[in-house]
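Overview (structure and organization)
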Amino acid sequence: MRSTKVILRIMKNVNFSVYRDIIAVRQAYLFDIGCFLMRIYMYMGTLGVVSMLTLSGHGALFSGSVSSMLAISTFFISPRTGKFMDERGQHHVILITSTIAMCGALSLLAVVAFQLPKELMYLAALLMGFVPSAPAIARTRWTYLIETKQIKGNVPELKSVYSYEGVIEDFAFMIGPALAISLSNMIVPIAGILAGCISFILGVFILLTQARSTEPQVGWKKHTDITAEEAPATKHRIALVDLPVIRVLFSMTLLVGLFFGCFDTTTITFAQSIGRPNVASVGVSVASLISMCASFTFGMLVFKSSLDKQVVVACIAIALGYVGMAFITDVPLFYFISFAGAVVYAPCFITINSFCEKAVPANRLTESLTWVSAGTTCGLAIGPTISGALIDFAGPTAGFYLGSIACVVLIIVALGSRKLLAKHH
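Here's what I pulled together on the structure shown here.

1. Some remarks on the overall build of the protein chain
Summing up its helical and strand segments, the protein chain has 17 helices and 0 strands in all. Here the protein chain has a C-alpha radius of gyration of 21 Å; the compact-globule value for 425 residues is 22 Å, and the two agree. When its C-alpha atoms are laid out on the principal axes, the protein chain stretches across 55 × 55 × 35 Å. Summarising the internal contacts of the protein chain: among those between residues at least 6 apart in sequence, 85% fall at separations of at least 24. For the protein chain, the computed accessible surface area is about 18,900 Å², with 68% contributed by carbon and sulfur atoms. Counting 30 positive and 21 negative side-chain charges, the protein chain places the averaged centre of each group 7 Å from the other.

Structure below.
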């Protein structure tokens, strides 16, 4: 009897119609398809470059350094790209930055294919960092459609929309790296990145032509905007400098990316040290599937607590999910932590993105969302580098300790930022 009451109480907090409302928004079909094709290229980037270069006969250190140049370039340039989109509109910025990014990618392929001086690869990787953020573009367009009341019929909630976008991202994350590695191994080393470039160009073409009508107007305002400037040409300093709340959210995603990067990298050396390399691939694949399911389910849940409290709880939950990695000594514990962390990974980012949408004015949304994503990118670039050095110095599982420390720091940051987050609710 008691279990029945618990089930009924849970069912009251589940809205099964949210995805029906999202799918009914036909205006979003084309830009979501375009952004999905762009995401496939984005998520095969660093791993695809490493795979291509190692298969071409380059050493692991050199391949990793080119990949790191791409990650660093994306971290510094992508938020600026988002800022220009907010100030000047998506169309022209996407066209220009995508052209630069594709020139960089095709240049990298040419250097590999024609065995040109390998130093040119660093310049190519630098240009590849101009790639516009497809997740930020999609989320901004959804927010624009909803906030400007352009959707007829039932209007989906933004949290559910962000969950839906999270599922798309997890799916692209599963496809992109696997496609890059498979094509590079089966055909020629450049085949994976080349396929990604074709996918990206097709996605950009759809965004700039078929989905033009959903592009946010420069200077548009959300109904929650109070102090946003009316003038479309208003210029700001970068959001990371101007907005304290973005610095907090950036710090949170950086720490998540840091311990996730440590966990991912150390997983490989741990699996190799116990003579079971397949453990790493199984763990990553199953964790991605769990994260996708968690993202889908999270979108249907209805919460009564405020978004600022949800952000704090989500950060603490994901930190607790991964903090035990320092104690991993066997496969069962590894699987437990990997899968437990995957359950809260997507909900954490969905909550942070949802809060970011509410906390910043519309004319800074694309840039702000890009900074949130850039925090993860930065953490994922730093984590493997530091954990790799620790592994070389102290053993195959040493990177797990750094990851656990990052989890503890995230809990401290989440608890310490409660008052600041509450001011932006």
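Alright, that's what it looks like, and here's the rest.
2. As for unusual backbone geometry
Leave glycine aside and you will find that most residues have negative phi; peptide bonds, for their part, are mostly trans. In this model, Gln115 sits at a positive phi of 50 degrees, which is unusual for a non-glycine residue. Examined against the element boundaries, Gln115 turns out to sit in the loop between α5 (90-113) and α6 (120-128). Not every positive phi belongs to a glycine, and Lys149 is a case in point at roughly 55 degrees.

3. Side note on the pattern of salt bridges
Close approach of charged atoms allows side chains of opposite charge to pair. Evaluated as defined, the whole model comprises 7 salt bridges. When the shortest N-O distance is used, the salt bridge between Glu165 and Arg39 registers 2.9 Å. Remark: Arg39 occurs in helix α3 (residues 27-55) and Glu165 occurs in helix α8 (residues 158-186); sequence separation between them is 126 residues. For the pair Glu165 and Arg39, a shared accessibility class is recorded, and that class is buried. Salt bridges here are not isolated pairs; linked through shared partners, they connect Arg39, Arg139, Glu165 and Glu169.

4. Concerning the environment of Asp330
Note that Asp330 resides in the loop between α13 (307-322) and α14 (331-359). Residues Asp330 and Ile405, 75 residues apart in the sequence, show an inter-C-alpha distance of 20 Å. A polar atom in the side chain of Asp330 sits 3.0 Å from the backbone nitrogen of Leu333.

5. A look at the packing of helix α11 (residues 244-273) against α14
Look at α11 against α14: their axes get within 11 Å of each other, and the N-to-C directions meet at 160 degrees. Relative to α14, the element α11 lies roughly antiparallel. Taken as a pair, α11 and α14 cross one another with a handedness that is left-handed. Contact residues: α11 offers Val245, Ile246, Leu249, Met252, Thr253, Val256, Phe260, Phe263, Thr267 and Phe270, while α14 offers Val331, Phe334, Ile337, Ser338, Tyr345, Phe349, Ile352, Phe355, Cys356 and Ala359. Across the contact of α11 with α14, the residue classes break down as 17 nonpolar, 3 polar and no charged.

6. Focus on the state of the cysteines
Tallied over the entire structure, the rule returns 0 disulfides. With no disulfide of its own, Cys378 has Cys262 as its nearest cysteine by sulfur position, at a separation of 12 Å. We classify Cys378 as buried; its relative accessible area is 13%.

7. A few points about the environment of Leu158
Inspection of the secondary structure assignment puts Leu158 in helix α8. With a relative accessible area of 10%, Leu158 lands in the buried category. Along the backbone, Leu158 and Ile146 are 12 residues apart, and their C-alpha atoms lie at a distance of 7.9 Å. Each residue touching Leu158, except ones within four places of it in the same chain, is listed here: Trp142, Thr143, Ile146, Glu147 and Glu357.

8. Topic: the packing of aromatic side chains
Here the structure, examined in full by the defined rule, presents 20 aromatic pairs. Seen in terms of ring centroids, Phe270 and Phe334 are 5.9 Å apart; in terms of plane orientation they differ by 45 degrees. Their pairing is tilted. One end of the pair, Phe270, is in helix α11; the other, Phe334, is in helix α14, with 64 residues separating them in the sequence. Each member of the pair, Phe270 as well as Phe334, is classed as buried. These aromatic residues form a ring-pair network of at least three members: Phe259, Phe260, Phe263, Phe270, Tyr322, Phe334, Tyr335, Phe339, Tyr345, Phe349 and Phe400. Directly above the ring of Tyr162 sits Arg139, whose terminal nitrogen or CZ lies 5.5 Å from the centroid.

Cut-offs and rules
- Sequence order as written defines the numbering, with residues in each chain counted from 1.
- In view of the model being predicted, local features appear only for residues whose pLDDT reaches at least 70, and side-chain atom pairs are presented and counted only at 80 or more, with totals across whole chains, interfaces and linings using the full set of residues.
- Excluded from the side-chain calculation are hydrogens and water; included are all heavy atoms of the structure.
- Secondary structure elements are defined from DSSP: runs of H or I of at least 4 residues count as helices, runs of E of at least 2 residues count as strands, and each element is numbered from the N terminus.
- For a compact globule the rule gives 2.2 Å times the number of residues to the power 0.38, and the radius of gyration it is set against comes from C-alpha atoms.
- In what follows, a contact means two residues having at least one pair of non-hydrogen atoms within 4.5 Å.
- Each accessible area value is a Shrake-Rupley result obtained with a 1.4 Å probe; residue values ignore everything except the protein chains displayed when judging cover.
- Positive residues here are Lys and Arg, negative ones are Asp and Glu, while His and the chain termini are left out of the count.
- Charge positions come from single atoms, namely NZ of Lys, CZ of Arg, CG of Asp or CD of Glu.
- For this analysis, a salt bridge means a side-chain nitrogen from Lys or Arg found within 4 Å of a carboxyl oxygen belonging to Asp or Glu.
- A simple rule labels every residue: compare its accessible area, found with a 1.4 Å probe on the protein chains alone, to the largest value its type can have, and call it buried under 20%, exposed over 50%, or partly exposed in between.
- For this analysis, a polar contact is any N or O atom pair within 3.5 Å, provided that within protein one partner can donate a hydrogen and the other can accept it, and provided that sequence-adjacent residues contribute only side-chain to side-chain pairs.
- Under this scheme, a helix contributes an axis fitted over its contacting stretch, all axes are lines through C-alpha atoms, and angles between N-to-C directions fall in the 0 to 180 degree range.
- Should an angle fall under 35 degrees it is taken as roughly parallel, and over 145 as roughly antiparallel, whereas 65 to 115 is taken as roughly perpendicular and any remaining angle as oblique.
- Should the near helix be turned anticlockwise from the far one by less than a right angle, the crossing is termed left-handed; should it be turned clockwise, right-handed.
- Each residue is assigned to one of three groups, with Ala, Val, Leu, Ile, Met, Phe, Trp, Tyr, Cys and Pro labelled nonpolar, Asp, Glu, Lys and Arg labelled charged, and all others, Gly among them, labelled polar.
- Working definition: a disulfide is two cysteine sulfur atoms within 2.5 Å of each other.
- For this analysis, a ring pair means two rings from Phe, Tyr or Trp (six-membered ring only for Trp) whose centres lie within 6.5 Å, classed as stacked if their planes differ by under 30 degrees, edge-to-face if by over 60, and tilted for the remaining angles.
- In this analysis the charged atom, NZ for Lys or CZ for Arg, is taken to sit over a ring once it is within 6 Å of the ring centre and within 35 degrees of the ring normal.

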